[in-house]
Amino acid sequence: MLVLSRKKNESIVINDNITIVVVEIRGDKVRLGVEAPKEVPVHRREVYDAIQQGTKSISEKSS
């Protein structure tokens, strides 16, 4: 895992087409902005996990 330090309004770039920006820092919470092409799905981890579980349930039912 790469660990980076960023301040408010600083960003990182991934693969020339995804930018992560530190929008706000408030206490122990950090708000991030994600700029990515529409064809690149971006989800919070808990949403991603739920989608994966749903996909797994569907594929298990069709087997």
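This is a predicted model, so every value here is computed, not measured.

Asks: I tried to follow the overall build of the protein chain on my own but got confused; where do I start?
Replies: When its secondary structure is counted, the protein chain shows one helix and three strands. Counting from the amino terminus, helix and strand elements in the protein chain follow one another as β-β-β-α. Evaluated residue by residue, the protein chain yields a buried proportion of 8% over its 63 residues. Here the contacts in the protein chain between residues at least 6 apart in sequence split such that 0% fall between residues at least 24 apart. As displayed, the protein chain offers around 5900 Å² of accessible surface, 52% of which is attributable to carbon and sulfur atoms.

Asks: Is there a simple way to explain the layout of surface pockets in this structure?
Replies: In this approach a probe as big as a water molecule rolls over the atoms, and the regions it shows empty are the leftover space. Here the largest pocket is characterised by a volume of approximately 230 Å³. Lining the largest pocket are Ile 12, Ile 14, Ile 18, Ile 20, Val 30, Leu 32, Val 34 and Val 42. Elements with a minimum of two residues in the lining of the largest pocket: strand 1 (11–14), strand 2 (18–26) and strand 3 (29–35). Classifying every residue of the lining of the largest pocket by side-chain character gives eight nonpolar, no polar and no charged.

Asks: Mind showing me how you'd approach the pattern of salt bridges here?
Replies: Two side chains of opposite charge can pair, provided their charged atoms sit close to one another. This model, assessed by the stated rule, comprises five salt bridges. A salt bridge links Arg 31 to Glu 24, with the shortest nitrogen-to-oxygen separation between them at 3.3 Å. Using a relative accessible area of 53% as the deciding quantity, one classes Arg 31 as exposed. Among the ionic pairs, Asp 49 bridges to Arg 45, the shortest N-O distance being 3.7 Å. One end of the pair is Asp 49 and the other is Arg 45, both in helix 1 (residues 45–62) and four residues apart, which spans about a single turn. On the basis of relative accessibility, which here comes to 36%, the residue Asp 49 falls in the partly exposed class. Each member of the salt-bridge network shares a partner with another, and the members are Glu 24, Arg 26 and Arg 31.

Cut-offs used in this document
- Residues numbered from 1 in each chain as written.
- Predicted model: local features only at pLDDT ≥ 70, side-chain atom pairs only at ≥ 80, totals over all residues.
- Heavy atoms only, no water.
- Helix = DSSP H or I, 4+ residues; strand = E, 2+ residues; numbered from the N terminus.
- Buried < 20%, exposed > 50% of the residue type's maximum accessible area, 1.4 Å probe, protein only.
- Contact = heavy atoms within 4.5 Å.
- Areas by Shrake-Rupley, 256 points an atom, 1.4 Å probe, with all protein chains shown as cover.
- 1 Å grid on protein atoms, 1.4 Å probe; cavity = no way out; pocket = protein on both sides within 12 Å on 5 of 7 lines; lining within 4 Å.
- Points joined across faces, edges and corners; volume = space filled by probe spheres on them.
- Nonpolar A, V, L, I, M, F, W, Y, C, P; charged D, E, K, R; others polar.
- Salt bridge = Lys/Arg side-chain N within 4 Å of Asp/Glu carboxyl O.

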